Amino acid sequence: MKLGLLRKALFILLMVFPFAAFSQPINIVSLEQPTDISGIWKYKIGDDMNWAAPDLNDSDWAEIPVPMDWGKFGLDKNFNYLWYRLDINFDKHTLSQEDLGRLGINIGRVFSAYELYANGIFIGSVGKLPPNGQARYDQEATFDLPRHTLNEEGSTVIALRVWRENYLFGGNQGGAGDGTYQIGTRQNLLATNLWSIVIPIVLASIYFLVGINHLYLYRHNTQLTEYFWVGVMALALSIYTVLISRWREQIPLDYWLLKQIEYTAIFATPMAATLFITNMLKVEPGRFITFYQYSFLIFIFITWFHPGLDCICTLVTPWQIWAMAAIVVTPCFILFKAVKGNAEAKILFGGVFLFSLATANDLLVVNRALETPRLLPIGFLAIVLSMAFSLVRRFTYSYSELELTVQHRTEELEQKNKELDEMAHIDPLTQTYNRRSFDDTVLQKVEQHRKNQTPFHIALCDIDNFKTINDTYGHSFGDLVLASLSDTIKAELRDEDFLARWGGEEFIIILQESDKEQCQIALERIRLKIEKLALETETGTVGVTITIGVTEYNGSKNLKDVINDSDQALYIGKENGKNQIVFN
């Protein structure tokens, strides 16, 4: 920030006092850290190879801040060549010959191409100058500074021969642009630039994996359209991150082709971003929004079907204007949705806002309105984090929904099991227990007797003349008789007693912890209740009676014999006139 302010101050001074001499040789007494050589350089418009000579008298040359775009400095665009010169002195008393033998120089991004000389000796270039001119305007480079490029006193003159391609960006840009301008040992320069080498490849790798992962998720669930567009955006930003870093020089493709790929990624990003947001927020875009989103394909189409840097540079300005709508409107739209209570919008707003700021920063950097690093690759991290939070929220919500669904299904299963259990143990007509349930219960009573010697009685009940009732009044009335008797018996039993339908018109009762006298009283109460029943028919009321055979279980006989004894007592009661209780 301080350096930026200093450059602005120097720029103002140079504009006010154009003939003031600020340029001074840079004296280097230590190589422990790289020395910054940005600042005031001498310059001259035109092209003469003699201007690289170390003994050239350049006292009449004007001065310009480096880095500084020619257009911003106020130079017109009616020329193509400009030379820079800077004197550098290495202190031979403090620097060893070994140190001076491993020097290097780092040059920032120069527009459009340049050749670098030290003491009149060519040491490298970026791009190609005419007659076979090839612009390569956004590449930082590090060059070796051989020992023989220093004179006996340890001094050298750095000369930068810069060529500007007029068709690029309307010829408004040129010269030494943003970036790092340093001299030091090659090792220190590498260490200084290490982060600019490591961070891009790390970010690009992360975005590549994020993109592949989201496309994989979309492939397995095509309803997750937002994951598809995040995947596209992540892959585009992965490509962009590599192509604006020094890793681009390691790719064996023509510069203009790399630029086509880079700008394809740039042109596709607003489309992918807006489609991601509308799908993420479940918003149905209208025709205009849909047209706007897919209109960025026009820029991509032109880039590939009318190749060349001139075409790309022509497209940049209209694309920036067109994309600005998305940069401004999208965060406002998401904020509106967040205020309205959209949970996804609340998560996305921070990430999209930071991503929009990073995009705006890069647009200004491309136009040389700012001299800051490109932030779009870092800004996309905010989107990635937003997606991660969204995934966590969705997972938590899905997990809660799953738990609730499982709970409901469990309750339904429990209810179904209960119903099935009732169907297996309850007689559907009389709504009392069936014979299977009796078998289970009576075995428990037998086991209880074995442990505690607790006696119980088994009473077998049969409706008198039930066949005649069925034949006379019909089976529906017979069913009514069975249900009414079941309800009457249940109403007279204790909680510890047990009633089940034995089959047909027979019921069986377990009377728990009752002696013969208590059992007689309870059963007699039931018999009398039934005897007093008056069931309505079309021809009048009908009475019903039952006969009961009873046997005590005391462990002296097995259960089957006890039930048979009750059945035998029932038979005796039927033979002796019915409507009575018989103990075996």
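Relevant structure appears above.
Residues numbered from 1 in each chain as written. Predicted model: local features only at pLDDT ≥ 70, side-chain atom pairs only at ≥ 80, totals over all residues. Heavy atoms only, no water.

1. A look at the overall build of the protein chain
So, point 1. Along its length, the protein chain carries 16 helices and 20 strands.
So, point 2. Overall size of the protein chain, expressed as C-alpha extent along the three principal axes, is 150 × 55 × 40 Å.
So, point 3. Of all 584 residues assigned to the protein chain, the portion counted as buried reaches 48%.
So, point 4. For the protein chain, long-range pairs separated by at least 24 residues make up 73% of all intrachain contacts whose partners lie at least 6 apart in sequence.
So, point 5. For the protein chain, the centre of its 51 positive side-chain charges and the centre of its 66 negative side-chain charges are spaced 5 Å apart. (Helix = DSSP H or I, 4+ residues; strand = E, 2+ residues; numbered from the N terminus. Buried < 20%, exposed > 50% of the residue type's maximum accessible area, 1.4 Å probe, protein only. Contact = heavy atoms within 4.5 Å. Lys, Arg positive; Asp, Glu negative; His and termini not counted. Charge placed at Lys NZ, Arg CZ, Asp CG, Glu CD.)

2. Focus on the environment of Gly 133
So, point 1. Position of Gly 133 relative to the elements: it lies in the loop between β9 (121-126) and β10 (141-145).
So, point 2. Look at Gly 133 and you get partly exposed, because its relative accessible area is 37%.
So, point 3. Put simply, Gly 133 and Arg 164 are 31 residues apart on the chain and 9.5 Å apart in space, counted from C-alpha to C-alpha.
So, point 4. With residues near it in sequence (within four places) discarded, Gly 133 still touches Lys 128 and Trp 163.

3. Thoughts on the nonpolar core
So, point 1. Ranked by internal contacts, the top residues of the largest apolar core, which has 56 residues, are Tyr 137, Met 233, Tyr 263, Phe 267, Phe 276, Trp 319 and Phe 380.
So, point 2. Ranked by size, the runner-up nonpolar core spans 39 residues in total, among them Ile 26, Phe 90, Leu 95 and Leu 160. (Core = buried A, V, L, I, M, F, W, Y, C linked by side-chain atoms within 4.5 Å.)

4. A look at helix α8 (residues 287-305)
Each turn of an α-helix holds 3.6 residues, which means side chains three or four residues apart point in the same direction.
So, point 1. Helix length check: α8 (19 residues) gives 27 Å between terminal C-alpha atoms against 27 Å at 1.5 Å per residue, within 8%.
So, point 2. If you look at α8, its biggest bend is around 30 degrees, right at Gln 293.
So, point 3. Among the residues of α8, those classed as buried are Tyr 292, Gln 293, Ser 295, Phe 296, Phe 299, Ile 300 and Thr 303.
So, point 4. Where α8 is buried, its residues touch α7 (255-280) and α9 (309-339). (Expected span 1.5 Å × (residues − 1). Bend = angle between axes of the 7 residues up to and from the residue.)

5. Regarding the pairing of strand β19 (residues 546-553)
So, point 1. With seven of its eight residues buried, β19 lies for the most part within the structure.
So, point 2. In this structure, strand β14 (residues 456-463) lies alongside β19, joined through eight bridges in antiparallel fashion. By the bridge assignment, Ala 459 is partnered in β19 with Val 550.
So, point 3. The handedness of the β19 to strand β20 (residues 581-583) crossover, carried by helix α16 (residues 559-575), is left-handed. (Pairing = 2+ DSSP bridges. Right-handed = clockwise from strand over helix to strand, strands pointing away.)

6. Things to note about the packing of helix α6 (residues 225-243) against helix α11 (residues 376-425)
Between two packed helices, what matters for the description is the angle formed by their axes and the separation of those axes.
So, point 1. At a minimum axis distance of 11 Å, the contact between α6 and α11 shows a crossing angle of 155 degrees. Looking at the two axes, α6 sits roughly antiparallel to α11. Crossing of α6 over α11 shows left-handed handedness. Mapping the contact onto sequence places Glu 226, Tyr 227, Val 230, Met 233, Ala 234, Leu 237, Tyr 240 and Thr 241 in α6 and Leu 376, Pro 377, Phe 380, Ile 383, Met 387, Leu 391 and Arg 394 in α11.
So, point 2. Of the residues that constitute the contact of α6 with α11, the class distribution is twelve nonpolar, one polar and two charged. (Axes fitted to C-alpha atoms, helices over the stretch in contact; angles between N-to-C directions. Parallel < 35°, antiparallel > 145°, perpendicular 65-115°, else oblique. Left-handed = near helix turned anticlockwise from the far one by under 90°. Nonpolar A, V, L, I, M, F, W, Y, C, P; charged D, E, K, R; others polar.)

7. A closer look at the packing of aromatic side chains
So, point 1. Under the counting rule described, the total for this entry stands at 27 aromatic pairs.
So, point 2. Each ring, one from Tyr 263 and one from Phe 267, has its centre 5.7 Å from the other, and the planes form 55 degrees; the classification is tilted. One end of the pair, Tyr 263, and the other, Phe 267, are both in helix α7, four residues apart, so they sit about a helical turn from each other. Of the two residues, Tyr 263 and Phe 267, both sit in the buried class.
So, point 3. Between Phe 301 and Phe 305 the ring centres are 4.4 Å apart and the planes differ by 25 degrees, which places this aromatic pair in the stacked class. Separated by four residues within a single helix, Phe 301 and Phe 305 lie in helix α8, roughly one turn from each other.
So, point 4. Taking the relative accessible area as the measure of exposure, Phe 305 reaches 62% and is therefore exposed.
So, point 5. Three or more aromatic residues joined by ring pairs make a cluster, and in this case those are Tyr 263, Phe 267, Tyr 292, Phe 296, Phe 299, Trp 319 and Trp 322.
So, point 6. Taking NZ or CZ as reference, Arg 85 lies 5.8 Å from the ring centre of Trp 61, over its face. (Phe/Tyr/Trp six-rings, centres within 6.5 Å; stacked < 30°, edge-to-face > 60°. Lys NZ or Arg CZ within 6 Å of the ring centre and 35° of its normal.)

Distances and angles like these do not, on their own, reveal function.
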